[in-house]
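Tertiary structure, described
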Amino acid sequence: MSNSSQNRRQFLKNTGKAGIALATAPFISSWNFATSEFQQQGLPYAYNALEPYIDAMTMEIHYTKHAATYAKNLADACVAEKVNPETTSLPTLLSSISKYSAKMRNNAGGHFNHEFFWKIMKPSPATSPQNELAEAINKSFGSYTAFQTAFADAAKARFGSGWAWLIVKADGQLAICSTANQDNPLMDIAEVKGSPIIGLDVWEHAYYLKYQNRRPDYINSWWNLVNWELANKHFLEASNK
Ligand code: MN3
């Protein structure tokens, strides 16, 4: 048995004890979503695991109320609009979201975005981008610091509720963008399209209890949580490396 599968088995055993279900596959592996990925997956860490940067109460409400509601409403919309999760992948649905209702758009986006968000954070991650992604960030933005500034600017400038993203575009280039509400760069209606590498929720529900109106402080803290190992996997998959 390989080390990683041993670690995974041990992790599943541990999280099983804690009563937490865990997604069984890397999140965007081949962009091939199983039926279950239309449903809310377990958080891969405890509500308080991202302290002090994101507080436990925010995580609990965000996961059990906000995100759970997107998943439930997505299921309802799939029934009403005859989308079969057994034959359609979530990214495929997002890529033709303009053909569906606002309810489908908001909740398919909301569900995808939050599942992505939980996994792109982890306690005590690497402190900067890794390997191929680090190289690509330096090439595209000059340095990690310059990238952080540009990403934070996009997150701060998103008026109202939405998300900031680092994506790989179809031409293989990295880009920073932001989307309103629960839209994302996989949607055919997105202004800037591409595959998400990292994404930050800048809805007030994601930070208000701890940071109130100080969105820039939340953004600044968030760098302490970015799962750069997973971000690099997203980058390699999205750019076919
Ligand atoms: Mn949210």
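Quick summary incoming for the structure in this document. (Residues numbered from 1 in each chain as written. Predicted model: local features only at pLDDT ≥ 70, side-chain atom pairs only at ≥ 80, totals over all residues. Heavy atoms only, no water.)

1. Description of the coordination of the manganese ion
Of the protein atoms, only His 62 (NE2), His 114 (NE2), Asp 201 (OD) and His 205 (NE2) coordinate the manganese ion, at distances of 2.0 to 2.2 Å. Look at where the donors of the manganese ion fall in the sequence and you get H-x51-H-x86-D-x3-H. Placement of His 114 in helix α4 (residues 102–119) and of Asp 201 in strand β3 (residues 195–201) is noted, with a sequence separation of 87 residues between them. The two residues His 114 and Asp 201 agree in class, both being buried. (Donors = N, O, S within 2.8 Å, 3.2 Å for Na, K, Ca; no water. Helix = DSSP H or I, 4+ residues; strand = E, 2+ residues; numbered from the N terminus. Buried < 20%, exposed > 50% of the residue type's maximum accessible area, 1.4 Å probe, protein only.)

2. Describing the pairing of strand β1 (residues 162–168)
Consecutive side chains along a regular strand alternate between the two faces of the sheet. A large share of β1 lies buried, amounting to seven of its seven residues. Both β1 and strand β2 (residues 174–180) contribute to a ladder of seven bridges, which runs antiparallel. What sits directly across from Ala 164, in β2, is Ser 178. Between β1 and β2, which follow one another and run antiparallel, lie five residues, and Gly 172 among them has a positive phi close to 90°. Relative to β3, β1 runs antiparallel, the two sharing six bridges. Bridged to Ala 164 within β3 is Leu 200. (Pairing = 2+ DSSP bridges.)

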